[in-house]
Amino acid sequence: KVLLVNCADLGASHAANVGVHLTLNAELEVYRWGPITHAPSLLDGDGGFPRTLEDVWDHADLDEVRRELRAQIERAIYWGFDVSHLDSHLATLQLRPEFFDVYLELAVDFRLPIRLTGASSERAIGFPFRRLAAEEGVLFPDNYVYPPTGNGARRTLERLLGDLRPGVTEISVHAAVDTPELRSLAPDWALRVDDHDLVANDQSIGALAKRVGVTLVGYREIRDVMRAA
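Residues numbered from 1 in each chain as written. Predicted model: local features only at pLDDT ≥ 70, side-chain atom pairs only at ≥ 80, totals over all residues. Heavy atoms only, no water.

### Some details on the pattern of salt bridges
Here comes step 1: Taken as a whole and judged by the stated rule, the model has 17 salt bridges.
Here comes step 2: Across the pair R115 and D87 runs a salt bridge whose closest N-O atoms are separated by 2.8 Å. Residue R115 is located in the loop between α3 (97-110) and α4 (122-125), and its partner D87 is located in strand β3 (residues 83-88); the two are separated by 28 residues in the primary sequence. The burial state of R115 is the same as that of D87; both residues are buried.
Here comes step 3: Of the charged contacts in the structure, one is a salt bridge between R192 and D188, with a shortest N-O distance of 2.8 Å.
Here comes step 4: Residue classification places D188 among the partly exposed residues on the basis of a relative accessible area of 30%.
Here comes step 5: Among the ionic contacts, a cluster of salt bridges with common partners joins E29, R32, D44, D46 and R51. (Salt bridge = Lys/Arg side-chain N within 4 Å of Asp/Glu carboxyl O. Helix = DSSP H or I, 4+ residues; strand = E, 2+ residues; numbered from the N terminus. Buried < 20%, exposed > 50% of the residue type's maximum accessible area, 1.4 Å probe, protein only.)

### Things to note about the packing of aromatic side chains
Here comes step 1: Scanning the entire structure with this criterion turns up 5 aromatic pairs.
Here comes step 2: With centroids separated by 5.8 Å and ring planes inclined at 65 degrees, the aromatic side chains of Y31 and W33 adopt a geometry described as edge-to-face.
Here comes step 3: Given a relative accessible area of 35%, Y31 falls into the partly exposed group.
Here comes step 4: Given the relative accessible area of 25%, W33 is considered partly exposed.
Here comes step 5: Three or more aromatic residues joined by ring pairs make a cluster, and in this case those are F100, Y103, F127 and F129. (Phe/Tyr/Trp six-rings, centres within 6.5 Å; stacked < 30°, edge-to-face > 60°.)

### Brief notes about the side chain of T169
Here comes step 1: Checked against the element boundaries, T169 lands in strand β5 (residues 168-171).
Here comes step 2: There is a polar contact of 3.1 Å between the side chain of T169 and the side chain of N143. (Polar contact = N/O pair within 3.5 Å; in protein donor to acceptor, adjacent residues only side chain to side chain.)

### With respect to helix α9 (residues 204-211)
Here comes step 1: Within the sequence span of α9, burial applies to I205, G206, L208 and A209. One side of α9 carries all its buried residues, which in axial view fall inside an arc of 160 degrees. Along α9, exposed side chains directed more than 90 degrees from the buried face belong to K210 and R211.
Here comes step 2: In this fold, the buried residues of α9 make contact with α6 (153-160), α8 (189-200) and β6 (215-217).
Here comes step 3: After α9 finishes, the residue G213 shows a positive phi value of roughly 80 degrees. (Arc of directions from axis to C-beta. Contact = heavy atoms within 4.5 Å.)

### Regarding unusual backbone geometry
Here comes step 1: In the Ramachandran plot, L90 falls in the positive-phi region, its phi being about 60 degrees despite a non-glycine side chain.
Here comes step 2: One can find L90 in the loop between β3 and α3.
Here comes step 3: For L90, a relative accessible area of 35% puts it in the partly exposed group.
Here comes step 4: Even without glycine at this site, R111 takes up a positive phi of about 55 degrees.
Here comes step 5: Relative to the helices and strands, R111 resides in the loop between α3 and α4.

### Considering the nonpolar core
Here comes step 1: One finds L22, L86 and I114 to be the most contacted residues of the largest nonpolar core, which totals 35 residues.
Here comes step 2: Listing elements by their share of this core, those giving two or more residues are β2 (18-22), α1 (53-59), α2 (62-78), β3, α3 and α5 (129-135).
Here comes step 3: Among the elements that make up this core, the one with the highest residue count is α3 (8 residues).
Here comes step 4: When residues no more than four places from it in sequence are discounted, the contact partners of L22 are L69, Q72, I73, L86, D87, S88, H89, L93, Y103 and L106.
Here comes step 5: Membership of the second largest hydrophobic core comes to 14 residues, among which are L157, L164, L198 and V214. (Core = buried A, V, L, I, M, F, W, Y, C linked by side-chain atoms within 4.5 Å.)

### Some points on a nonpolar patch on the surface
Here comes step 1: On the surface, a cluster of nonpolar side chains totalling about 450 Å² of accessible area is made up of Y78, W79 and F81.
Here comes step 2: The exposure class assigned to W79 is exposed, which follows from its relative accessible area of 59%. (Patch = residues over 30% accessible without salt bridge, like charges linked within 9 Å, V, L, I, M, F, W, Y side chains within 5 Å. Areas by Shrake-Rupley, 256 points an atom, 1.4 Å probe, with all protein chains shown as cover.)

### Structural notes on the packing of α2 against α3
Here comes step 1: Following both chains from N to C, one finds α2 and α3 inclined at 35 degrees, their axes separated by 10 Å at the closest point. Classified by chirality, the crossing of α3 by α2 is right-handed. Together, L62, V65, R66, L69, R70, I73, E74 and I77 of α2 and E98, F99, V102, E105, L106, D109 and F110 of α3 make up the contact between the two elements.
Here comes step 2: Tallied by class, the residues present in the contact of α2 with α3 amount to 9 nonpolar, no polar and 6 charged. (Axes fitted to C-alpha atoms, helices over the stretch in contact; angles between N-to-C directions. Left-handed = near helix turned anticlockwise from the far one by under 90°. Nonpolar A, V, L, I, M, F, W, Y, C, P; charged D, E, K, R; others polar.)

### Some words on α3
Here comes step 1: With 14 residues, α3 should reach 20 Å at 1.5 Å per residue; the first-to-last C-alpha distance of 20 Å fits that figure.
Here comes step 2: Close packing links the buried residues of α3 with β2, α1, α2, β3, α5 and α10 (219-228).
Here comes step 3: Positive backbone phi, at 55 degrees, marks R111, one or two positions downstream of α3. (Expected span 1.5 Å × (residues − 1).)

Below, the structure is given as structure tokens:
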């Protein structure tokens, strides 16, 4: 049983795992961001990305989507990051087949693993995205756990570590440093600060994982296996 570590050390050498959080939405009211390419179909009325998934799906030009997301990855590489994986903000790219095609295309082109939700979500979403990724040789975690709304990752980690399913499991962590900016934009800022303390400072999770026989890996290891294959 393997726990995927993505944002901090937890007693192993995984701190350098850096993914690109591919973004087409800016959902916050008071904190807005937008595309880094010329992409009129990806703009809301105030000049940022659309706030809702439906707005993106209804109005985005797929060529502009492809160009924008490729630019996001290339900028991260240009800035010197050794990109370890790709992820989709708000799962926008995973929930619609035509957007997933772009997600998968970028994973293949850059030879990077991707974050996907678990097999149980395929029926609700409506198409076999995990099988499609596997057929292209793109790797992804076997299991993905997102803490329930209103809960940080600490309680979820402690509960699940002793009962992980076989394979690679990723538990989502929204770690953030406590700043006035964070407090003004994120209603759940306290949970994010606690998540940061958990993965950056608290050694108990790493020790617990070792006691119950869980191996910690990062996306870099998954990427290297994918590229070797």
